[in-house]
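Read off the chains here:
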Amino acid sequence: MIRRLALCCAFWPATLAAHPHIFVDTGLKLEVDAAGILTAVEVTWAYDEFYSLLIFEDMGLDPEMDGTLTEAELERLRGFDLKWSEGFEGDLYLSRGEAPISLGPPEGLSTEVKEGVITTRHRRLVSPTAPVAAQGVTLRAYDPSYYTAYEINGGVEVSGNCIASLTPPDLDAAYTQVEELLYAIPADQANDLFPEVGRAFATTVSLDCGG
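Residues numbered from 1 in each chain as written. Predicted model: local features only at pLDDT ≥ 70, side-chain atom pairs only at ≥ 80, totals over all residues. Heavy atoms only, no water.

### With respect to the side chain of Ser95
In step 1: Positionally, Ser95 belongs in strand S3 (residues 92–96).
In step 2: Residue Ser95 is classed as buried on the basis of its relative accessible area of 9%.
In step 3: Looking at Ser95, its side chain comes within polar contact range of the main-chain oxygen of Gly97, at 3.5 Å.
In step 4: Ignoring any residue separated from it by four or fewer positions in sequence, one finds Ser95 in contact with Pro100, Ile101, Gly136, Val137, Thr138 and Arg140. (Helix = DSSP H or I, 4+ residues; strand = E, 2+ residues; numbered from the N terminus. Buried < 20%, exposed > 50% of the residue type's maximum accessible area, 1.4 Å probe, protein only. Polar contact = N/O pair within 3.5 Å; in protein donor to acceptor, adjacent residues only side chain to side chain. Contact = heavy atoms within 4.5 Å.)

Pasting the structure below:
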């Protein structure tokens, strides 16, 4: 996804390695059928203004620099963040307890630009090969490398009879973990060996379907 585009981030100094460089306001819509099966997740990503500008520059869009795109430019932009490399999980992780739940590939739904900010939506089927009961499922949106920060401030909607509760991360514990792990890495190797701490900074979404 975003971090794999590596648009022009080489100019950031290594001292910023412990902090995210891309910020994404995230929204989730969870589809639960009448039988209590979690069937799909719709994901909204609203990229920060600076990263949106980098995308425009990289793709040669918005030459007027007015924060809006023509229909032809929007057509070129559509799907830019869905060209995932093999093994990429879409920075969305579902589980029940410690057992991971698989997601299907993304289906692009929309791409919009408003006041210079790119917002996209895509939908993924949940465990296409086997039904998954929604009760007790947890979701986390995060980049393992913490290069991209996902903030679930776009809301969480759940269809059916389930409700979603959000548990914010323990940031003190997360930063302590980063410091401890970085302390064990030589300073000149921090960029290449930066530990995967993204999960520690992730909000946990838990589903409760009444039993």
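Having seen the model, we can carry on.
### A short note on the nonpolar core
Generally speaking, soluble globular proteins have nonpolar side chains that are buried together.
In step 1: Of all hydrophobic cores here, the largest spans 38 residues; its most connected members are Leu38, Val41, Leu77 and Leu94.
In step 2: In this structure, Tyr146, Ala149, Ala174 and Val178 belong to the second largest nonpolar core, which totals six residues. (Core = buried A, V, L, I, M, F, W, Y, C linked by side-chain atoms within 4.5 Å.)

### Notes on the pairing of strand S7 (residues 138–141)
In step 1: Here S7 shows no split at all, with Thr138 and Arg140 on one side and Leu139 and Ala141 on the other all buried.
In step 2: Looking at chain direction, S3 and S7 are connected through four bridges and run antiparallel. Residue pairing for S7: Leu94 is matched across the bridge by Leu139.
In step 3: With three bridges connecting them, S7 and strand S11 (residues 204–208) associate as antiparallel partners. (Pairing = 2+ DSSP bridges.)

### What to know about the state of the cysteines
In step 1: Under the definition given, this model contains one disulfide.
In step 2: Across the disulfide, Cys162 is cross-linked to Cys209 (sulfur-sulfur distance 2.0 Å). Looking along the S-S bond of the Cys162-Cys209 disulfide, the torsion reads about 100°, which is the right-handed sense. Here the residue Cys162 occupies a position in the loop between strand S9 (156–158) and strand S10 (163–167), and Cys209 occupies one in the segment after S11, the gap between them amounting to 47 residues. (Disulfide = S-S within 2.5 Å.)

### Concerning helix H2 (residues 49–59)
In step 1: If you check which residues of H2 are buried, you get Tyr51, Ser52, Leu54, Ile55 and Phe56.
In step 2: The residue sitting at the N-terminus of H2 and contributing the capping side-chain oxygen is Asp48; that oxygen lies 3.1 Å from the backbone nitrogen of Phe50.
In step 3: Of the residues trailing H2, Gly60 is marked for its positive phi of about 70°.

### Looking at the pairing of strand S6 (residues 117–125)
In step 1: Of the two faces of S6, the one lined by Ile118, Thr120, His122 and Arg124 is fully buried and the one lined by Val117, Thr119, Arg121, Arg123 and Leu125 carries no buried residue.
In step 2: In terms of strand pairing, strand S2 (residues 38–47) meets S6 through seven bridges, oriented antiparallel. Each residue of the ladder has a partner; that of Ala40, found in S6, is Leu125.
In step 3: Across seven bridges, strand S5 (residues 107–114) lies against S6 in antiparallel orientation. Across the sheet, Ser110 pairs through a bridge with Arg121, a residue of S6.
In step 4: Hairpin geometry of S5 and S6 is characterised by an intervening segment of two residues between the two adjacent antiparallel strands and by a positive phi of about 50° at Glu115.

### Description of unusual backbone geometry
In step 1: Residue Met65 is not a glycine yet carries a positive backbone phi of 55°.
In step 2: Tracing the backbone through its elements, the reader meets Met65 in the loop between H2 and helix H3 (71–77).
In step 3: According to the relative accessible area criterion, Met65 is exposed, its value standing at 64%.
In step 4: At Asp91, a residue that is not glycine, the phi angle is positive and equals roughly 55°.
In step 5: On the basis of relative accessible area, Asp91 is assigned to the buried category, the value being 2%.

### Brief notes about the sheet that holds S10
In step 1: The five strands lie next to each other as S4-S3-S7-S11-S10, forming an open sheet whose pairing is antiparallel. Unpaired on one side and paired on the other, strand S4 (99–101) and S10 mark the two borders of the sheet. The sheet shows a mean angle of 30° between the axes of neighbouring strands, direction not considered. (Axes fitted to C-alpha atoms, helices over the stretch in contact; angles between N-to-C directions.)

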